[in-house]
Amino acid sequence: MSSAFICGAVRTPFAIRNSYLERYSTAQLASLPLADMVKRNPKLDWRRVDRLYVGSNNKNLCTLEGAKKFVDVCVDKTSIERNVSVTPLGWLHCTGMAAIERAAGDIGTGASNLSVVIGVSSSSKARGPATNADYSGSEGEFKFTRLSEKAARRSMLAKNYAISNENINSYIVAAYGRTMAARQRGFFDRECMLISNDQKLGGGYFSEDELDGLRLREHGRRFVDSLVDIHPSLHEGFAPTVDGSCCLLVASMSGVEELGLRARARVLAHAVVESPLAADSPYCIPAIRKVFAETGLRPKDLDVIEVGEVCAVEAISVMKDLGVPLGLAKLNGSGGDLAIGEATGASSARLVVTAINSMQSKNLRYALCAASSNSGHGIAIILENTQFLNKTER
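Residues numbered from 1 in each chain as written. Predicted model: local features only at pLDDT ≥ 70, side-chain atom pairs only at ≥ 80, totals over all residues. Heavy atoms only, no water.

Please set out the nonpolar core residue by residue, giving values where relevant.
By size, the foremost hydrophobic cluster in this structure holds 42 residues, and its most contacted members are Ile 6, Met 97, Val 117, Leu 248, Val 352, Ile 356 and Leu 383. Among the secondary structure elements, those contributing two or more residues to this core are strand S1 (4-11), helix H3 (95-108), strand S8 (242-252), strand S9 (265-274), helix H13 (347-362), strand S11 (366-372) and strand S12 (377-385). Dropping the residues within four chain positions of it, Val 352 is found in contact with Ile 6, Met 97, Ile 100, Leu 248, Cys 369 and Leu 383. If you look at the next biggest cluster of nonpolar residues, it comprises 41 residues, including Tyr 171, Phe 292, Leu 297 and Cys 311. (Core = buried A, V, L, I, M, F, W, Y, C linked by side-chain atoms within 4.5 Å. Buried < 20%, exposed > 50% of the residue type's maximum accessible area, 1.4 Å probe, protein only. Helix = DSSP H or I, 4+ residues; strand = E, 2+ residues; numbered from the N terminus. Contact = heavy atoms within 4.5 Å.)

Account for the pairing of strand S4 (residues 85-89), naming residues and giving values.
Pairing between strand S3 (residues 51-56) and S4: 5 bridges, direction parallel. The residue of S4 that forms the bridge with Arg 51 is Ser 85. Crossover S3 to S4 through helix H2 (residues 64-74) is right-handed. (Pairing = 2+ DSSP bridges. Right-handed = clockwise from strand over helix to strand, strands pointing away.)

Tell me what's going on with the environment of Ala 251, and back it up with residues and numbers.
Mapped onto the secondary structure, Ala 251 falls in strand S8. Between the C-alpha atoms of Ala 251 and Ile 107, which are 144 residues apart in sequence, the distance is 7.1 Å. Those residues within four positions of Ala 251 in sequence are excluded, and the remaining contacts are Ser 3, Ala 4, Phe 5, Cys 7, Ile 107, Asn 113, Leu 114, Val 256 and Leu 261.

Tell me what's going on with H2, and back it up with residues and numbers.
Those residues of H2 that fall on the buried side of the exposure criterion are Gly 66, Ala 67, Phe 70, Val 71 and Cys 74. Along the long axis of H2, the arc covered by the buried residues comes to 135°, so they all point the same way. Pointing more than 90 degrees away from the buried face of H2 are the exposed residues Leu 64, Glu 65, Lys 68 and Lys 69. Considering only its buried residues, H2 is in contact with helix H1 (26-40), S3 and S4. (Arc of directions from axis to C-beta.)

Describe the pattern of salt bridges, with residues and values.
Counted according to the given criterion, the structure contains 14 salt bridges. In this structure, Arg 48 engages Glu 258 in a salt bridge whose closest nitrogen and oxygen atoms are separated by 3.0 Å. Here Arg 48, found in the loop between H1 and S3, pairs with Glu 258, found in helix H9 (residues 253-259); they are 210 residues apart in sequence, far enough to count as distant. Look at Glu 258 and you get exposed, because its relative accessible area is 52%. Here Glu 384 and Arg 365 are joined by a salt bridge, their closest N and O atoms 2.7 Å apart. Of this pair, Glu 384 sits in strand S12 while Arg 365 sits in the loop between H13 and S11; the two residues are 19 residues apart in sequence, bridging distant segments of the chain. Glu 384 sits in the buried class, given a relative accessible area of 1%. One network of salt bridges, in which partners are shared, links Lys 68, Asp 72, Asp 76 and Arg 82. (Salt bridge = Lys/Arg side-chain N within 4 Å of Asp/Glu carboxyl O.)

Break down H13 for me, with residues and values.
For H13, which comprises 16 residues, the first-to-last C-alpha distance of 22 Å matches the rise-based estimate of 22 Å (1.5 Å per residue) to within 8%. Counted residue by residue, H13 has 14 buried out of 16 residues, so it is predominantly covered. Following H13 by one or two positions, Asn 363 adopts a phi angle in the positive range, close to 55°. (Expected span 1.5 Å × (residues − 1).)

Would you mind going over the environment of Leu 389 in detail, with residue names and values included?
Position of Leu 389 among the secondary structure elements: in the segment after S12. On a C-alpha basis, the gap between Leu 389 and Ala 265 in space is 9.6 Å, while along the polypeptide they are 124 residues apart.

So, unusual backbone geometry: which residues are in play, and what are the values?
The phi torsion at Asn 332 lies on the positive side, around 40°, for a residue other than glycine. Here Asn 332 shows up in the loop between helix H11 (312-322) and helix H12 (337-340). Here the phi dihedral of Asn 363 falls at roughly 55°; this positive angle occurs in a residue that is not glycine. Position of Asn 363 among the secondary structure elements: in the loop between H13 and S11.

None of this, on its own, says anything about what the molecule does.
Spelled out as structure tokens, the structure:
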């Protein structure tokens, strides 16, 4: 099978639900990072894009009519053909990564040469009927996401992996601390597009994730130290929900060579595995084991590990299952969903965007990205920094 290469990865800042991104429909929100990607690749003939993959929390996209309307709006200001083949996916909490995995698989079989992958989550009233995503409880402007398994599954995993409330609280506080440190050193500037004054109410430019940027400016270090006390719902370890969108450009080796693209990461292995809903481990664990078996890599070989934090207990369980110390710098080293927020259709795609950013900015080789859905599906992808490949492998 041919290798798939990620040649571009960008995202919008993630914004609190019902905030300034609410004015955009799902397709409009998806078009923002796509337009930015086009600007970053001005010499690319975008008519060569043969497939569009969309992971979203909007179930209307899974209809032929809905998909067509989405494409018409999303690609409106690009030269991508309106009749481009579109593949919508709707696995909720890992749908963005599912779209990347599907694109990599189709490139591997020769079904695609150049693809655009979108992961988007919108709370806009224009996005259509709500999905069965479960949002319960709120504190001020925050809403907190719950996996469908809710407390029962959380308790089961906590018991199976001996995770205490103290473990959860410490993990949450550390997650915010890592995100604040990454923000202060400008880490996210590499992956977040600027939203200009004609895209954000109130004028100016915005490139910070609203959740951590707003709260850290207001509270500073005191917010991190007293986080669990400020937001009791976080005591349960569920991430606040946000809106946002990611865009990735994925190509075959021949596509990279023919179109003069700069490959940033190779998809070394990818897997989707469906587990019984009552499985006693995170749904992504079988997929992780599968990509390890395919590549021969082990946790100690990884330089970057990006795991979904829709639920803190789930993320901690993954690390315990892999035997990776929770304080290890390579684990969600720049923060995660707990601090940035969980955008149902986009956050798992953000894991890949952030992993590529980490590898390239720190000259690291291997990254594992993994996420679980609320339907029993687990996804895992191993990436390799192309800086470590010889010319014949690029």
